[in-house]
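Listed here are the chains, written in short residue letters.
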Amino acid sequence: MTDLVPRIALNQGPLIPQLGFGVFLVDPAMTQKTVESALEVGYRHIDTATGYNNEAQVGAAIRASGLKREDIFVTTKLRNDHHKARDIKGAYQRSLDALDIGYLDLYLIHWPMPLVGYYVEAWKLFEGFLAEGTTRAIGVSNFKIPHLQRLMAETSVVPALNQVELHPVWQQKELRAFQDQHGIKAEAWAPLGQGRYPLDSIPAINAAAAAHGKTPAQVMLRWHMQEGIIAIPKANSREHQAANLDIFDFELTPAEMAAIQAADGGHRLAVDPDDVNSD
Ligand SMILES: NC(=O)c1ccc[n+]([C@@H]2O[C@H](COP(=O)([O-])OP(=O)(O)OC[C@H]3O[C@@H](n4cnc5c(N)ncnc54)[C@H](OP(=O)(O)O)[C@@H]3O)[C@@H](O)[C@H]2O)c1
């Protein structure tokens, strides 16, 4: 299964597996087991964050897996309270220490926190982490177009990707078009909608699922793959972990893709990043 996941070239060089595994809301007490299971099932891309309180357990799972470090792509993120306290270097070192896997593949600013007004300065420190080689790429999360415009105008490294809420009901078409112009990849958090709508509530997705003998969740993830979006679904159960990887043996037709594109609700379902300015 691992070999079937496409790898996408980031603008800073590294290749990222297009389908990864997210660990938001995975209980720290269960995280090592859950990530070990995900690695056994075939994931080679793990998305954590300091704010998820499970970096150490992700690192322990990776070390216990017996896999080569270079075969796993690991992302973590700067937590808002550390960002707000301008404790960027300290937070980064604590993430490296907690994961204890030698280096990061990708370090993200978790939220821009525009009212705090420090993301440009934080990014300049991120550029230093990239230059020193302790992370292979740097990027952002929850950035809207004005945040990206300001970042690119005032700094020198273009973010490798922007991890944002993105799923069939909130497709982020305008942001993705902007990012395409600047070589910034789109990465979807909540690719399955995070439980904000029933997975079987979109007729176009149900029709495609029936046509291909797949579940609505598998069609949603396949839609991301064919759109060129990186997706990091979370799943506690091994059954869902395996099902979410089993999406490389069918292809949505252009008509099915168009029908899902037309299902875009045109508005986000989770919080607006402009309204997040603290933990
Ligand atoms: N940057 C950010 O601000 C941000 C914000 C949120 C999330 N994220 C990242 O994105 C990742 C994914 O987002 P998310 O976890 O919020 O939402 P999600 O992946 O869209 O949805 C996860 C939910 O879907 C269920 N699920 C998974 N596979 C399924 C399947 N095949 N059939 C039916 N249900 C299924 C899971 O249940 P079970 O667990 O019971 O299987 C869980 O309840 C996170 O884990 C995190 O790494 C980032």
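I will try to describe carefully the structure that is included in this document. (Residues numbered from 1 in each chain as written. Predicted model: local features only at pLDDT ≥ 70, side-chain atom pairs only at ≥ 80, totals over all residues. Heavy atoms only, no water.)

1. Notes on the side chain of Asn162
Along the chain, Asn162 turns up in strand E8 (residues 161-165). For Asn162, a relative accessible area of 0% translates into the label buried. Within the structure, the side chain of Asn162 is placed 2.8 Å from the backbone oxygen of Phe143, a separation counted as a polar contact. If we skip the residues at most four places from it in the chain, Asn162 touches Val140, Ser141, Asn142, Phe143, Leu148, Leu175, Gln179, Ile184, Lys185, Ala186 and Glu187. (Helix = DSSP H or I, 4+ residues; strand = E, 2+ residues; numbered from the N terminus. Buried < 20%, exposed > 50% of the residue type's maximum accessible area, 1.4 Å probe, protein only. Polar contact = N/O pair within 3.5 Å; in protein donor to acceptor, adjacent residues only side chain to side chain. Contact = heavy atoms within 4.5 Å.)

2. Details of unusual backbone geometry
One non-glycine residue, Met113, lies in the positive phi region at around 45°. The topology assignment puts Met113 in the loop between strand E6 (106-109) and helix H5 (119-132). Its identity is not glycine, yet Gln172 carries a phi of approximately 55°, on the positive side. Classification of Gln172 by relative accessible area gives buried; the value is 7%.

3. Considering the packing of aromatic side chains
Under the definition given, this model contains nine aromatic pairs. Here Tyr92 and Phe129 contribute two aromatic rings whose centre-to-centre distance is 3.8 Å and whose plane-to-plane angle is 5°, an arrangement assigned as stacked. One end of the pair, Tyr92, is in helix H4 (residues 88-99); the other, Phe129, is in helix H5, with 37 residues separating them in the sequence. The same class applies to Tyr92 as to Phe129, namely buried. Between Tyr119 and Phe143, the ring centres sit 5.2 Å apart and the planes meet at 70°, which makes this aromatic pair edge-to-face. Here the residue Tyr119 occupies a position in helix H5, and Phe143 occupies one in the loop between strand E7 (138-141) and helix H6 (145-154), the gap between them amounting to 24 residues. As far as burial versus exposure is concerned, Tyr119 and Phe143 are alike and both buried. An aromatic cluster is defined as three or more aromatic residues linked by ring pairs; in this entry it consists of Tyr92, Tyr107, Trp123, Phe126 and Phe129. (Phe/Tyr/Trp six-rings, centres within 6.5 Å; stacked < 30°, edge-to-face > 60°.)

4. Structural notes on H4
Counted at 1.5 Å a residue, the expected span for H4 with its 12 residues is 16 Å, and the 17 Å between its end C-alpha atoms agrees. When H4 is considered as a whole, its buried residues turn out to be Ile88, Ala91, Tyr92, Ser95, Leu96 and Leu99. The buried residues of H4 all sit within an arc of 140° when viewed along its axis, so they share a single face. Facing away from the buried side of H4 by more than 90 degrees, the exposed set consists of Lys89 and Asp97. (Expected span 1.5 Å × (residues − 1). Arc of directions from axis to C-beta.)

5. Section: the pairing of E6
The alternating pattern of E6 places Leu106 and Leu108 on one face and Tyr107 and Ile109 on the opposite face, and all of these are buried. Taken together, the four bridges between strand E5 (residues 73-78) and E6 define a ladder with parallel strand orientation. Within the sheet, the bridge partner assigned to Lys77 lies in E6 and is Leu108. The handedness of the E6 to E7 crossover, carried by H5, is right-handed. (Pairing = 2+ DSSP bridges. Right-handed = clockwise from strand over helix to strand, strands pointing away.)

6. Points about the pattern of salt bridges
Tallying each qualifying case throughout the model produces 15 salt bridges. With its nearest N and O atoms 2.9 Å apart, the salt bridge here joins Arg79 to Asp81. A residue is classified by how much of its surface remains accessible, and Arg79, at 23% relative accessible area, is partly exposed. Its relative accessible area of 29% is what places Asp81 among the partly exposed residues. Glu154 serves as the salt-bridge partner of Arg150, at 3.0 Å between the closest nitrogen and oxygen. Taken together, the residues span about one helical turn, with Arg150 and Glu154 both in helix H6 at a distance of four residues. Each member of the salt-bridge network shares a partner with another, and the members are Arg69, Asp105 and Arg136. (Salt bridge = Lys/Arg side-chain N within 4 Å of Asp/Glu carboxyl O.)

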